[in-house]
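Chain by chain, the residues run as shown.
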Amino acid sequence: GLPLVFALWANLHGAYVAGWAILGIAAIDAFVMDRPRFGVGLRETAGRAWFVLGCVLTACCVAILANPYGWRILEVPFKLSRSPIVTQSISEWKPFTLDLWLSPRHLFVPLLLVAVAAGWRRMRLADVLTILVFGYLAVQARRHVALAAFVTAPTVAAGLAQILDRIARTPRYGRVVRVLLAAACAASLFLAHG
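By convention here, each chain's residues receive numbers from 1 onward along its written sequence. Totals for whole chains, interfaces and linings use every residue, but because this is a predicted model, local features are given only for residues with pLDDT of at least 70 and side-chain atom pairs only at 80 or more, for both listing and counting. Side-chain descriptors were evaluated using all non-hydrogen atoms of the structure, hydrogens and water having been removed beforehand.

Turning our attention to the overall build of the protein. The helix and strand tally for the protein stands at 10 helices and 0 strands. The numbering of helices and of strands both runs from the N terminus, where a helix is a DSSP run of H or I of at least 4 residues and a strand a run of E of at least 2. Helices and strands in the protein line up, N terminus first, as α-α-α-α-α-α-α-α-α-α. Only protein chains enter the area calculation, which uses a 1.4 Å probe; residues under 20% of their type maximum are buried, those over 50% are exposed, and those in between are partly exposed. The buried share among the 194 residues of the protein stands at 31%. Surface exposure here means Shrake-Rupley accessible area, sampled with a 1.4 Å probe, where a residue is shielded only by the protein chains that are shown. As displayed, the protein offers around 12400 Å² of accessible surface, 70% of which is attributable to carbon and sulfur atoms.

What follows concerns the nonpolar core. Joining through side-chain atoms within 4.5 Å is the link that ties buried Ala, Val, Leu, Ile, Met, Phe, Trp, Tyr and Cys residues into a set, and such a set is a nonpolar core. One finds Leu 111, Leu 112, Ala 115, Ala 118, Met 123, Ile 131, Val 156, Leu 160, Ile 163, Ile 167 and Leu 181 forming the largest nonpolar core, which totals 11 residues. Every element with two or more residues in this core is listed here: helix H7 (108-119) and helix H9 (145-168). With sequence-adjacent residues up to four places away left out, Leu 181 is seen in contact with Leu 111, Leu 160, Ile 163 and Leu 164. Throughout, a contact is declared for two residues whenever any of their heavy atoms are within 4.5 Å.

Our next topic: the side chain of Asp 127. As for its placement among the helices and strands, Asp 127 is situated in helix H8 (residues 125-140). Only four residue types enter the charge count, namely Lys and Arg as positive and Asp and Glu as negative; His and the chain termini do not. What counts as a salt bridge is simple: a side-chain nitrogen of Lys or Arg found within 4 Å of a carboxyl oxygen of Asp or Glu. Arg 124 provides the closest opposite charge to the buried, salt-bridge-free Asp 127, at an N-O distance of 4.4 Å. Within the structure, the side chain of Asp 127 is placed 3.2 Å from the side chain of Thr 155, a separation counted as a polar contact. Each polar contact in these results corresponds to two N or O atoms within 3.5 Å; when the atoms are within protein, one needs to be able to donate a hydrogen and the other to accept it, and residues that are neighboring in sequence are counted only if both atoms are side-chain atoms.

Here the focus is the packing of aromatic side chains. Under the pairing criterion, centres of Phe, Tyr and Trp rings, with the six-membered ring standing for Trp, must be within 6.5 Å; the plane angle then separates stacked pairs below 30 degrees from edge-to-face pairs above 60, leaving the rest tilted. Summed over the entire model, instances satisfying the criterion amount to 4 aromatic pairs. Consider the rings of Phe 31 and Trp 50, whose centres lie 5.0 Å apart with planes at 85°: the pair is edge-to-face. Pair noted here: Phe 31 is in helix H2 (residues 16-32) and Trp 50 is in helix H3 (residues 46-63), with a separation of 19 residues, a long-range link. For the pair Trp 50 and Phe 51, a centre-to-centre distance of 6.4 Å together with 85° between the ring planes defines the contact as edge-to-face. Of the residues examined, Trp 50 reaches a relative accessible area of 34% and is grouped as partly exposed. A relative accessible area of 48% places Phe 51 in the partly exposed class. An aromatic cluster of three or more residues is present, and its members are Phe 31, Trp 50 and Phe 51.

Right, let's talk about a nonpolar patch on the surface for a bit. To count toward a patch, a residue needs a relative accessible area over 30% and no salt bridge; like charges are then connected within 9 Å, while nonpolar side chains (Val, Leu, Ile, Met, Phe, Trp, Tyr) are connected within 5 Å. A grouping of Ile 28, Phe 31, Val 32, Trp 50 and Phe 51 is seen on the molecular surface, where their side chains present a nonpolar patch of about 510 Å² in accessible area. Looking at the nonpolar patch element by element, the count peaks at 3 residues for H2.

Let's shift gears to a positive patch on the surface. A single reference atom marks each charge: NZ on Lys, CZ on Arg, CG on Asp, CD on Glu. Together, Arg 121, Arg 122, Arg 166 and Arg 169 make up a positively charged patch on the protein surface. Examined against the element boundaries, Arg 166 turns out to sit in helix H9. For Arg 166, a relative accessible area of 44% translates into the label partly exposed.

Function-wise, these values are silent; they only describe arrangement.
Structure, rendered in structure tokens:
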């Protein structure tokens, strides 16, 4: 069903390229990491998984051609993101500056950094590539910050889970730190959408 989603997506919005990035990262991760990929109990190996993901990615790339402009639809997201008129006059296309990184609205950034610091030894290649690709996009334009927060949420959750596991082993301050961490997560959600 993903090719149909991409055909519709390309006709509605130029961010279909982000979907390609996610599928490409999953295929690279499956190719490099030799372990099962498809669900619990299925014995699909990475050799089959990366091939399937590569075929799905190829089908999704072809599917976006089902639009009134044909192959020229490929130019739209790249021309738009590189246009000086757009990047200088529209605030959401301006680069993500340091004052925005320190803003309470973007509390997820320190949470991401803490989660990465806590869980870097257990991070999969897909997590690293997702942080690099979508982090780069977020630095390039403010409008990509929410997308980066969305796609890195599983990495943040895994890193914070490791922190909470360590904290649970310290009876003295464990409860207080867990409450503060939960409050920070909730605050980042409300501040980002407030």
